[in-house]
Amino acid sequence: MNAERPLLLVIEDERQMLRFLRASLCAHGYRLCEAETAADGLAQARSRAPDVILLDLMLPDGDGIDVARKLRDGCRTPIVVLSARGQEEDKIRALDAGADDYLTKPFSVGELLARIRVALRHAAQVASGNPQLEFTSGDLRVDLAARRVFARGQEVHLTPTEYRLLVTLVEHAGHVVTHRQLLSEAWGISHAGRAHYVRVYMGQLRAKIEADPARPRLLLNEPGVGYRLAAW
Ligand code: CA
């Protein structure tokens, strides 16, 4: 990450959205560079080396999903997709193509800043090269070195599959993880018709970890997309 104020690249062609992003991000100390086309966005991603990329999915000269795929080729800069309501399929495709997270328009300044903070923290963790040894969020503690899990101070015994699922979410803490990513990273299998595996195991994990499994505060559902482990 840049030692000075973080630099954000916004790839977005809607003027009103650009004005909103410019006003809210500059007011919170971020530097901004802007691209209104996919081609300019890709060029600036290479030339400016931003800390986070905010990517609209519908650009005048192309599809944000292709941009995400091309950006991922050789670059680990976090990508947060800006999508419209009703673009669920595109959102999932963008995440599977390598985007890290998404915001559904219209979103608040608070949501925007929270997503950017998570993206910056995650990038810094990856860049440090130090494997994470422990993860805590709320009253959940995962000792990744010893492979032990504690909820509300008590040790929780997970099956190997439940543990792999939890660790996959820990590795993306604060970000949404699609059903496809969960299946491939926790089970090593492809998507086709297996989404129910995730639902079943998530239910088991919630029963073991959440104080009130019916009202989860840690293992959050992102309807139609996947799950997010809340990073408190
Ligand atoms: Ca657009």
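Before any of the text, the structure's been laid out above.
Computed from a prediction, not measured in an experiment: that's the story for all the values here.

Calculation notes
Residues numbered from 1 in each chain as written. Predicted model: local features only at pLDDT ≥ 70, side-chain atom pairs only at ≥ 80, totals over all residues. Heavy atoms only, no water. Helix = DSSP H or I, 4+ residues; strand = E, 2+ residues; numbered from the N terminus. Rg over C-alpha atoms; globule rule 2.2 N^0.38 Å. Buried < 20%, exposed > 50% of the residue type's maximum accessible area, 1.4 Å probe, protein only. Contact = heavy atoms within 4.5 Å. Areas by Shrake-Rupley, 256 points an atom, 1.4 Å probe, with all protein chains shown as cover. Lys, Arg positive; Asp, Glu negative; His and termini not counted. Charge placed at Lys NZ, Arg CZ, Asp CG, Glu CD. Donors = N, O, S within 2.8 Å, 3.2 Å for Na, K, Ca; no water. Pairing = 2+ DSSP bridges. Axes fitted to C-alpha atoms, helices over the stretch in contact; angles between N-to-C directions. Core = buried A, V, L, I, M, F, W, Y, C linked by side-chain atoms within 4.5 Å.

Chemist: Would you mind showing me how to read the overall build of the chain here?
Modeler: Scanning the chain from N- to C-terminus turns up eight helices and 14 strands. Relative to its length of 232 residues, the chain is compact, with a C-alpha radius of gyration of 18 Å against a globular reference of 17 Å. Considering only C-alpha atoms, the chain reaches an extent of 50 × 40 × 30 Å along its principal axes. Counting across all 232 residues of the chain, residues that qualify as buried make up 49%. For the chain, the share of sequence-separated contacts (at least 6 apart) that also reach a separation of at least 24 residues comes to 58%. Entry remark: accessible area of the chain is about 11,300 Å², with carbon and sulfur atoms responsible for 51%. Computing the positive centroid from 31 side-chain charges and the negative centroid from 30, the chain places the two 3 Å apart.

Chemist: Whenever I open this one, the coordination of the calcium ion confuses me. Can you help?
Modeler: Taken together, D13 (OD), D56 (OD) and M58 (O) make up the full set of protein donors to the calcium ion, lying 2.1 to 2.3 Å away. Mapping the donors of the calcium ion onto the primary sequence yields the spacing D-x42-D-x1-M. Overall, D56 belongs to the buried group, its relative accessible area being 2%. For M58, a relative accessible area of 57% translates into the label exposed.

Chemist: Help me understand the sheet that holds strand β11 (residues 154–156) in this model?
Modeler: Either a parallel or an antiparallel arrangement is found when strands of a sheet pair, and the pairing is made through backbone hydrogen bonds. With antiparallel pairing, four strands are arranged side by side in an open sheet as β8-β9-β10-β11. A single partner strand is all that each edge strand has here, and the edge strands are β8 (134–137) and β11. Pairwise comparison of adjacent strand axes, ignoring direction, gives a mean angle of 25° for this sheet. Both strand β9 (residues 140–143) and strand β10 (residues 148–151) contribute to a ladder of four bridges, which runs antiparallel. Along β10, the bridge assignment pairs L140 with A151. Sheet strands touched by helix α6 (residues 160–171): β8, β9 and β10. Its angle to β9, the strand with the most contacts, is close to 100°.

Chemist: Explain the nonpolar core here, please?
Modeler: For soluble globular proteins, the rule of thumb is that nonpolar side chains tend to be buried together. In this structure, L140, V142, L166 and M202 are the most contacted members of the largest nonpolar core, which totals 28 residues. Secondary-structure elements contributing two or more residues to this core are β9, β10, α6, α7 (179–187), α8 (195–209) and β14 (226–229). Per element, the largest residue contribution to this core is six residues, and it comes from α6. With near-sequence residues (within four places) excluded, V142 lies in contact with L133, E134, F135, R148, V149, Y163, L166 and V170.

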